[in-house]
Amino acid sequence: MQALDTQIKIAVVGAGAMGSGIAQVAAQAGHEVFLFDQSAEAVEKGKAGIAKQLQRRVDKGKMQQADADAIVKRVLPASQLSELAPAGLVIEAIVENLEIKQKVFGELEDICGDQVILATNTSSLSVTALGSSLKRPERLVGMHFFNPAPVMALVEVIHGLATDKQVAEQIHATATAWGKKPVFATSTPGFIVNRVARPFYAESLRLMLEQSADPATLDALLREAGNFRMGPFELTDLIGHDVNYAVTCSVFDSYYGDFRFQPSLIQKSLVDAGRLGRKSGQGFYSYAEGTERPEPATAESYSSDEKHLIVEGDLGIAQGLVERCRETGLEVIEREGHGLLRFGQATLALTDGRMATERCVTDGLHNLVLFDLARDYRSATRLALATAEQTDIQATEDAIALLQMLGIQVSLIADAPGLVVMRTLAMLANEGADAVHQGVASAADVDLAMKAGLNYPEGPLAWSDQLGSGVIHQVLTHLQSSYNEDRYRPSLLLRKNAFAKSGFFH
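Residues numbered from 1 in each chain as written. Predicted model: local features only at pLDDT ≥ 70, side-chain atom pairs only at ≥ 80, totals over all residues. Heavy atoms only, no water.

Attention now moves to the layout of surface pockets. Estimated volume of the largest pocket: approximately 1,000 Å³. Taken together, 33 residues line the largest pocket, and the ones lying closest to its centre are F146, N147, N194, I239 and L454. Of all the secondary-structure elements, those providing two or more residues to the lining of the largest pocket are α1 (17–28), β6 (140–145), α7 (193–196), α8 (198–209), α10 (232–239), α11 (241–254) and α17 (443–454). (1 Å grid on protein atoms, 1.4 Å probe; cavity = no way out; pocket = protein on both sides within 12 Å on 5 of 7 lines; lining within 4 Å. Points joined across faces, edges and corners; volume = space filled by probe spheres on them. Helix = DSSP H or I, 4+ residues; strand = E, 2+ residues; numbered from the N terminus.)

Let us now look at the side chain of T217. Structurally, T217 is set in helix α9 (residues 215–224). The exposure class of T217 is buried, given its relative accessible area of 2%. When sequence neighbours within four positions are dropped, the list of residues in contact with T217 reads P296, A297 and S411. (Buried < 20%, exposed > 50% of the residue type's maximum accessible area, 1.4 Å probe, protein only. Contact = heavy atoms within 4.5 Å.)

Once that is clear, we can look at the packing of aromatic side chains. This structure, assessed with the given rule, holds 10 aromatic pairs. When the ring of F228 is compared with that of Y456, the centres are 5.1 Å apart and the planes differ by 90 degrees; the resulting orientation is edge-to-face. Here Y456 lies in the loop between α17 and α18 (460–467) and F228 lies in the loop between α9 and α10, a separation of 228 residues in the sequence. Accessibility classification places F228 together with Y456 in one group, the buried group. Seen from their ring centres, F228 and W463 are 6.1 Å apart, and the 40 degrees between their planes marks the pair as tilted. Here W463 lies in helix α18 and F228 lies in the loop between α9 and α10, a separation of 235 residues in the sequence. For W463, a relative accessible area of 1% translates into the label buried. One aromatic cluster is present, built from ring pairs that chain together F200, Y201, F228, Y456 and W463. (Phe/Tyr/Trp six-rings, centres within 6.5 Å; stacked < 30°, edge-to-face > 60°.)

Mapped onto the elements of the fold, V104 is located in helix α4 (residues 98–112). Sequence-wise, V104 and L276 are 172 residues apart; in three dimensions their C-alpha atoms are separated by 32 Å. If near-sequence neighbours (up to four positions away) are discounted, V104 is found in contact with V13 and I94.

Right, let's talk about the pairing of strand β8 (residues 181–186) for a bit. Every other side chain in a regular strand lies on the same face of the sheet, so the side chains alternate between the two faces. Direction of pairing for strand β7 (residues 154–159) relative to β8: parallel, over a ladder of 6 bridges. If you follow L154 over to β8, its bridge partner there is K181. Crossover β7 to β8 through helix α6 (residues 165–177) is right-handed. (Pairing = 2+ DSSP bridges. Right-handed = clockwise from strand over helix to strand, strands pointing away.)

Glancing now at empty space enclosed by the protein. Over the atoms rolls a probe the size of a water molecule, and its path tells where empty space is left. In total, this model carries 2 cavities of 30 Å³ or more according to the counting rule given. If you add up the space inside the largest cavity, you get close to 90 Å³. Contributing to the lining of the largest cavity are 15 residues, with S464, G468, S469, G470 and S502 lying nearest its centre. Mapped onto the lining of the largest cavity, the elements with two or more residues apiece are α18, α19 (471–483) and α20 (492–500). Taken together, the residues that form the lining of the largest cavity break down as 5 nonpolar, 9 polar and 1 charged. (Nonpolar A, V, L, I, M, F, W, Y, C, P; charged D, E, K, R; others polar.)

Pairing in this open sheet of 8 strands is mixed, and the strands run β3-β2-β1-β4-β5-β6-β7-β8 from one edge to the other. Each edge of the open sheet is held by one strand with a lone partner, namely β3 (75–78) and β8. Pairs of neighbouring strands in the sheet enclose a mean axial angle of 25 degrees, with direction left out of account. Examined bridge by bridge, strand β4 (residues 89–92) and strand β5 (residues 117–120) share 4 bridges and lie parallel to one another. The residue of β5 that forms the bridge with L89 is I117. Here α1 sits on the sheet and contacts β1 (10–13), β2 (33–36), β3, β4 and β6; the angle it forms with β2, its principal contact strand, is near 170 degrees. Here helix α2 (residues 40–59) sits on the sheet in contact with β2 and β3, set at roughly 170 degrees to β3. (Axes fitted to C-alpha atoms, helices over the stretch in contact; angles between N-to-C directions.)

Between two packed helices, what matters for the description is the angle formed by their axes and the separation of those axes. It is the contact of helix α16 (residues 421–437) with α19, at a shortest axis distance of 10 Å, that shows an interaxial angle of 105 degrees. With respect to α19, the element α16 is oriented roughly perpendicular. Here M422, R423, L425, A426, M427, A429 and N430 of α16 come into contact with α19, specifically with I472, V475, L476, L479 and Y483. The class makeup of the residues in the contact of α16 with α19 is 10 nonpolar, 1 polar and 1 charged. (Parallel < 35°, antiparallel > 145°, perpendicular 65-115°, else oblique.)

On the surface, a cluster of positive charge is contributed by K52, R56, R57, K60 and K62. Residue position: R57 is located in helix α2. (Patch = residues over 30% accessible without salt bridge, like charges linked within 9 Å, V, L, I, M, F, W, Y side chains within 5 Å. Areas by Shrake-Rupley, 256 points an atom, 1.4 Å probe, with all protein chains shown as cover. Salt bridge = Lys/Arg side-chain N within 4 Å of Asp/Glu carboxyl O. Lys, Arg positive; Asp, Glu negative; His and termini not counted. Charge placed at Lys NZ, Arg CZ, Asp CG, Glu CD.)

What follows is about the side chain of H473. Here H473 is to be found in helix α19. Leave out the neighbours within four places in its chain, and H473 touches P490, L494, R495 and A498.

Attention now goes to unusual backbone geometry. Between N147 and P148 the backbone carries a cis peptide bond, its omega angle lying at -5 degrees. Relative to the assigned elements, P148 resides in the loop between β6 and β7. If you check the backbone angles, F191 has positive phi at about 50 degrees while not being a glycine. Residue position: F191 is located in the loop between β8 and α7. The exposure class assigned to F191 is buried, which follows from its relative accessible area of 1%. Positive phi is not limited to glycine here, since Q211 has a value of about 60 degrees. Residue placement: Q211 occurs in the loop between α8 and α9.

The quantities given are spatial measurements derived from coordinates; they are silent on function.
Written out as structure tokens, the structure is:
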């Protein structure tokens, strides 16, 4: 399917930050763009904002002045909806209210004619419901940009129950022509990103609730071991807790109270207290002038005279730790076993979703210390460790000393099932797998959405494959057993892949 020709005029309804950003994207692609808002002042402000953004690029040498002027000239202020009649595509970016959006779309149907494509930028409302009152619901499609629209690459192309497949395909092709990375999704609560991302916040909030670690430590682990650009607490402070909590509640309610999306009491308390994050000056962190950010919990320095590292069996994804050990001059002794490291008094193992205390007894492992998942063990600068209740102090110190020898800072956290990065990835992959299983999106589009929309270091489904067949399913099974909660039930698709010894991409 071909993209809309640049001779076709675009209209954007709503001249706020999102609407004016979308108008800029379309104008940069070569279209003339009508920009409409009920407030003439908002339209003027929106166009001025576009000019200001482009001028910054000119000043930095990233754009020619003539090109910037041409783009601004293609943005045409409109004071009445009737002025949008020549548009071939109208994108709505107004208040998230079903009735108001339906009213606007109904008027646009009459104004713009039979062949116009109507697109909604809604992040939470059903495209199917929005189209239910229209004469031509097959011409309505979701075109969900992410803020700021000129910068963020992702566009979720949402088809409702009545959306014509060719309409969705043409919008997908048009988004590509506009320099975006579009993905297809069906009209289900949260679409892809707002659904699949829920565990990124939820699992750290749960770990904090259980006093496993503090926000600064959890943020540091997800950044420095997981390679996420921001940790969940600093990110929700940036988003705003009122916004993030409302999205979580909306998804939870839309899925009829599925506990996998259960909101956090901790976040509710912040909202109730007006501690909304950066915009209020206080969230998980204080943003008052002169306030220093709390440091993550980091183990004190330990040393060891041990010269040997024993590797038992295949460490899988954690093999990078062994390579780093060799580089430090440790003698590595390899023998058969079940994926363990032995150093001094410590027995180290990658978390499999069980608590160290439980695994120590069940697997008969003396002085067990669990380490967390890292995106890349060869470059990770911090790892979480958790010890069993039966593990003695010397073994704990030996485990810490080993990682410190490799240049890795250690955050010792409480004995929590799945630790931090592994647990977060498991739940992200689980949600992504269910989205694929339920026909919401393809595995490739789930991963692309999370990388392009939220800057994840890797798509959760591809990352799951990299850990090896059945690993994430095993972690989830152990999490569900530990908590005895439906929240951690593994997706049927993950279960099938585990038994088929296959992945999402092979």
